[in-house]
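A look at the structure
For reference, the chains in residue letters:
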Amino acid sequence: MARCGFICLLILTVLLGTFSPGFALETLTMAYRTNERLPLINKAPDSSGLYLDLYTEAAKRLNCKLKVIRKPKKRVMRELIDGTIDFYPGFNFTIKRSGFVFYINNGLPGGDIGVSPPDLPEITDLKQLKGMTLIGPMGGPNFLEGIKGVEQERVAELTIERAFKLIRNNRYDFYIYNKSSLEYYFKNFGVVGIKSHYDCCGGIRPMYLGFSRKSQHIKEEINPDFDPSKPLGPDNFATRLAPNCLAIRLAEVIAQMKQSGVIDKIYSKHYFSRQ
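Description of the structure in this document. Remember, it's a predicted structure, so these values are computed and weren't measured experimentally.

What about the overall build of the protein?
- In terms of helices and strands, the protein carries seven helices and 12 strands.
- Counting all 275 residues of the protein, 45% fall into the buried class.
- In the protein, 67% of the contacts between residues at least 6 apart in sequence involve partners at least 24 apart.
- A total accessible area of about 14,700 Å² is found for the protein, and carbon and sulfur atoms account for 55% of it.

What follows is the structure in structure tokens.
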């Protein structure tokens, strides 16, 4: 009896320890480049902003911890490829990137617009940029896939402010970036000598996070709804997230937060509260 009582006490101790506040939670690691993208994230080492609020709330609902890492974009990309980090909070879809990240809708409005010097005619198709040079961040998406005759130059740690300065100085002809981020910049910082092109790049679309396909927190399975006759994209992919992995639980929590209006409140707080 004494031995049985000891064993029962040991089991109870283990169970209580398992559910105690000190028990190690799973950790989701989010990485972002070191420069700011207001109001989504501040310049490193300050990671406050919409992304931190959104993904901290999602992690809380998953009973996980959120770890944020800030590194140059090239290093972040390498670590997404090898699975050292779990996800990048906002990631444009490209076929190349889909080889190493799985795209999950993050509930935010996406879509890009272009900016140029004031004298450039309205751009509604990027083929109109033939003979010109597009500026973009190192490691950023390639907006010119399948388009010939347009140069694209990459600049490390490129900010909106720096891109605008280079455009105004006629160093480059065109810059493409997230519509909400550019409109926030226009509203809060005042912009002269810049023309916006709202119909150049496909209009409003969903925004996605990129989850490393080598992460310990993801499992994939064959997607029976994949249609190889249609273009590859986040909604038409050869695999889908497998049940019970942390990545699919994150996707489900974000969808619930979107449906309940939580994400829209977070978005409004950061985009519309400042004057």
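Details of the packing of helix H6 (residues 246-259) against helix H7 (residues 262-272)
- Relative orientation of the contacting elements H6 and H7 amounts to 75 degrees, with a least axis distance of 4 Å. For the element pair H6 / H7, the angle class is roughly perpendicular. Contacts between H6 and H7 involve Ile254, Met257 and Lys258 from the former and Val262, Ile263 and Asp264 from the latter.
- Residue composition of the contact of H6 with H7, grouped by class: four nonpolar, no polar and two charged.

What to know about unusual backbone geometry
- Following Leu38, the chain continues to Pro39 via a peptide bond in cis, the omega torsion being 0 degrees.
- Along the polypeptide, Pro39 turns up in the loop between strand S1 (27-32) and helix H2 (50-61).
- Here Ala44 and Pro45 are connected by a cis peptide whose omega angle stands at 10 degrees.
- Notably, Asn63 is not glycine yet its phi reads approximately 60 degrees, a positive angle.
- Along the chain, Asn63 falls in the loop between H2 and strand S2 (65-70).
- The exposure class of Asn63 is exposed, given its relative accessible area of 53%.
- At Asn170, a residue that is not glycine, the phi angle is positive and equals roughly 60 degrees.

So, the pairing of strand S10 (residues 205-212)
- A large share of S10 lies buried, amounting to six of its eight residues.
- For strand S3 (residues 87-88) and S10, the ladder comprises two bridges, and the chain directions are antiparallel. Bridge pairing in S10 links Tyr88 to Gly210.
- As paired strands, strand S4 (residues 101-110) and S10 are joined by seven bridges and run antiparallel to one another. Bridge pairing links Asn105 to Tyr208 in S10.

Topic: the state of the cysteines
- Under the definition given, this model contains one disulfide.
- With its sulfur 2.3 Å from that of its partner, Cys200 forms a disulfide with Cys201. In this structure the cystine formed by Cys200 and Cys201 twists about its S-S bond by roughly -85 degrees; its chirality is therefore left-handed.
- The class of Cys200 is buried, set by a relative accessible area of 6%.
- Summary of cysteine pairing: Cys64 is not part of a disulfide, and the nearest cysteine sulfur, belonging to Cys245, is at 12 Å.

Points about the sheet that holds strand S5 (residues 112-116)
- Read across the sheet, five strands follow the order S7-S6-S8-S5-S9 without closing on themselves; strand pairing throughout is mixed. Both outer strands of the open sheet, strand S7 (151-155) and strand S9 (195-197), are each paired with one neighbouring strand and no more. Adjacent strand axes in the sheet meet at a mean angle of 30 degrees, parallel and antiparallel pairs treated alike.
- Of the pairings in the sheet, the one linking strand S6 (residues 133-137) to S7 comprises five bridges and is parallel in character.

Criteria and thresholds
- Residues numbered from 1 in each chain as written.
- Predicted model: local features only at pLDDT ≥ 70, side-chain atom pairs only at ≥ 80, totals over all residues.
- Heavy atoms only, no water.
- Helix = DSSP H or I, 4+ residues; strand = E, 2+ residues; numbered from the N terminus.
- Buried < 20%, exposed > 50% of the residue type's maximum accessible area, 1.4 Å probe, protein only.
- Contact = heavy atoms within 4.5 Å.
- Areas by Shrake-Rupley, 256 points an atom, 1.4 Å probe, with all protein chains shown as cover.
- Axes fitted to C-alpha atoms, helices over the stretch in contact; angles between N-to-C directions.
- Parallel < 35°, antiparallel > 145°, perpendicular 65-115°, else oblique.
- Nonpolar A, V, L, I, M, F, W, Y, C, P; charged D, E, K, R; others polar.
- Pairing = 2+ DSSP bridges.
- Disulfide = S-S within 2.5 Å.

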